[in-house]
Amino acid sequence: MKVAIVFILLTLSLYADTKRDLLHLFQNKQYEEACNLGFKNFSDNSKDEEYVSLYSFACLNIDYIDRLSVAITTLKYSKEARANASYFSTILLQKKLLYHAMLDDYDISSLNLPKTDYVLSKVFDFYTKKTNAQKQEYYIFEDENDSALKYKLYILKDGKIDKVVIEEFYNSVSIKKHIYW
């Protein structure tokens, strides 16, 4: 009996350390490390909605959007968790639809999905509202709040799998590249 209690306390402290480490990495903007730590320990913490949300936001910050799919299904017990699941679902759907539209000429112009502040969501919205129906090699969209910020959307041909790329430019200087497949 005494051994079981010690084992339980040791296990609980290990889980607490993982969550604390995850939070520390996230707060220090070490998103890739946080996402990987969260992924590695996901099954042990899948019922902890704070953990799952923190892990998901870390993955979102480094464009590991596909990792959101499992997290979305676990975020259901609290109002905040359901809101996070909806947010992540919107972004995941927009990624899949934009990929389908760019690679397969699928028309998404009639879609009206929720807007988020995430770059993919912004570009998705611009793409659905573009006035030129002609397929182009690339698209340039200007941010609605900052005319110096522009987004370039294009397909990157790769031998294995084609990718959709969004490059962010500020005053014509590339500041970030997002690659999705």
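Structure report, in brief. (Residues numbered from 1 in each chain as written. Predicted model: local features only at pLDDT ≥ 70, side-chain atom pairs only at ≥ 80, totals over all residues. Heavy atoms only, no water.)

### With respect to the pairing of strand β1 (residues 138–142)
As a reminder, the rule being used: We call a residue buried when its accessible area falls under 20% of the maximum for its residue type, exposed when it is over 50%, and partly exposed in between, using a 1.4 Å probe and counting protein chains only. Helix numbers and strand numbers start at the N terminus; a helix is a DSSP run of H or I with at least 4 residues, a strand a run of E with at least 2. Only strands that DSSP links by at least two bridges are regarded as paired with each other.
The alternating pattern of β1 places Y139 and F141 on a buried face, while none of Y138, I140 and E142, on the opposite face, is buried. Judged from the 5 bridges that link them, β1 and strand β2 (residues 149–156) form a sheet pairing that is antiparallel. If you follow F141 over to β2, its bridge partner there is Y151. Counted between consecutive antiparallel strands, the loop separating β1 from β2 contains 6 residues.

### Section: the environment of Q94
Inspection of the secondary structure assignment puts Q94 in helix α6 (residues 79–104). In the structure, Q94 is positioned 39 residues away from Y55 in sequence and 20 Å away in space, judged by C-alpha atoms.

### What to know about the layout of surface pockets
By rolling a water-sized probe across the atoms, one finds the places where empty space is left. What counts is decided by this rule: Cavities and pockets were defined on a 1 Å grid built from protein atoms only: a cavity is a group of points that admits a 1.4 Å probe but offers it no way out, a pocket is an open group of points flanked by protein on both sides within 12 Å along at least five of seven lines, and a lining residue is one with an atom within 4 Å of any such point. Grid points are joined across faces, edges and corners, and a volume is the space filled by probe spheres set on the points. Residue type decides the class: Asp, Glu, Lys and Arg count as charged, Ala, Val, Leu, Ile, Met, Phe, Trp, Tyr, Cys and Pro as nonpolar, and the leftover types, Gly among them, as polar.
A volume near 200 Å³ is recorded for the largest pocket. Lining the largest pocket are 14 residues, with Y106, D107, Y127, K130 and A133 positioned closest to its centre. Put simply, the parts of the chain that give the lining of the largest pocket at least two residues each are α6 and α7 (119–128). Of the volumes computed, that of the second largest pocket is approximately 170 Å³. Class assignment for the residues of the lining of the second largest pocket results in 6 nonpolar, no polar and 4 charged.

### Here we look at the side chain of S53
Note the cut-off: When checking whether two residues touch, look at their non-hydrogen atoms; a contact exists if any pair is within 4.5 Å.
Relative to the assigned elements, S53 resides in helix α4 (residues 49–61). Its relative accessible area of 10% is what places S53 among the buried residues. Dropping the residues within four chain positions of it, S53 is found in contact with L75, N84 and F88.

### Comments concerning α4
Rule in force here: An expected span of 1.5 Å times one less than the residue number is assigned to each helix.
If you check α4, its first and last C-alpha atoms are 18 Å apart, about what 13 residues at 1.5 Å a residue would give, namely 18 Å. Summarising burial for α4: 10 of the 13 residues are buried, a large majority. Residues of α4 that are buried include every one of E49, Y51, V52, S53, L54, Y55, S56, A58, C59 and L60, and no others. Taken from the residues just after α4, D63 is the one with a positive phi, measuring 65°.

### Focus: the sheet that holds β2
Going by this rule: Only the contacting stretch of a helix is used when fitting its axis, a line to C-alpha atoms as for every element, and angles between N-to-C directions run 0 to 180 degrees.
Spatial strand order, β1-β2-β3-β4: 4 strands in an open sheet with antiparallel pairing. The strands lining the two open edges of the sheet, one partner per strand, are β1 and β4 (173–180). The sheet shows a mean angle of 20° between the axes of neighbouring strands, taken without regard to direction. Direction of pairing for strand β3 (residues 163–170) relative to β4: antiparallel, over a ladder of 7 bridges. Pairing of F169 across the sheet is with S174, part of β4.

### Here's the deal with helix α2 (residues 31–40)
We apply this condition: By definition, the arc is the one covered by directions from the helix axis to the C-beta atoms.
For α2, every residue scored as buried is listed here: Y31, A34, C35, L37 and G38. The arc enclosing the buried residues of α2, seen along the axis, measures out at 165°, which places them on a common side.

### Considerations on the environment of E168
Looking at the secondary structure, you find E168 in strand β3. Distance from E168 to L149, taken between C-alpha atoms, is 7.0 Å for residues 19 residues apart in sequence. Residue contacts for E168: discarding those within four places in its chain leaves V119, L149, K150, Y151, V173, S174, I175, K176 and H178.

### Considerations on the pattern of salt bridges
A side chain of one charge can pair with a side chain of the opposite charge when the charged atoms of the two come close. To be explicit about the condition: Any Lys or Arg side-chain nitrogen located within 4 Å of an Asp or Glu carboxyl oxygen qualifies as a salt bridge.
A complete count under the given rule lists 12 salt bridges for this structure. Taking the shortest distance from any N to any O, the salt bridge between D66 and K95 comes out at 2.7 Å. Within this pair, whereas D66 is found in the loop between α4 and α5 (68–74), its partner K95 is found in helix α6, the two being separated by 29 residues in sequence. On the basis of relative accessible area, D66 is assigned to the partly exposed category, the value being 37%. K129 is the salt-bridge partner of D125, the closest N and O atoms lying 2.8 Å from each other. Residue class for K129 comes out partly exposed when judged on its relative accessible area of 48%. Here the residues in one salt-bridge network are K19, D48 and E50, joined through shared partners.

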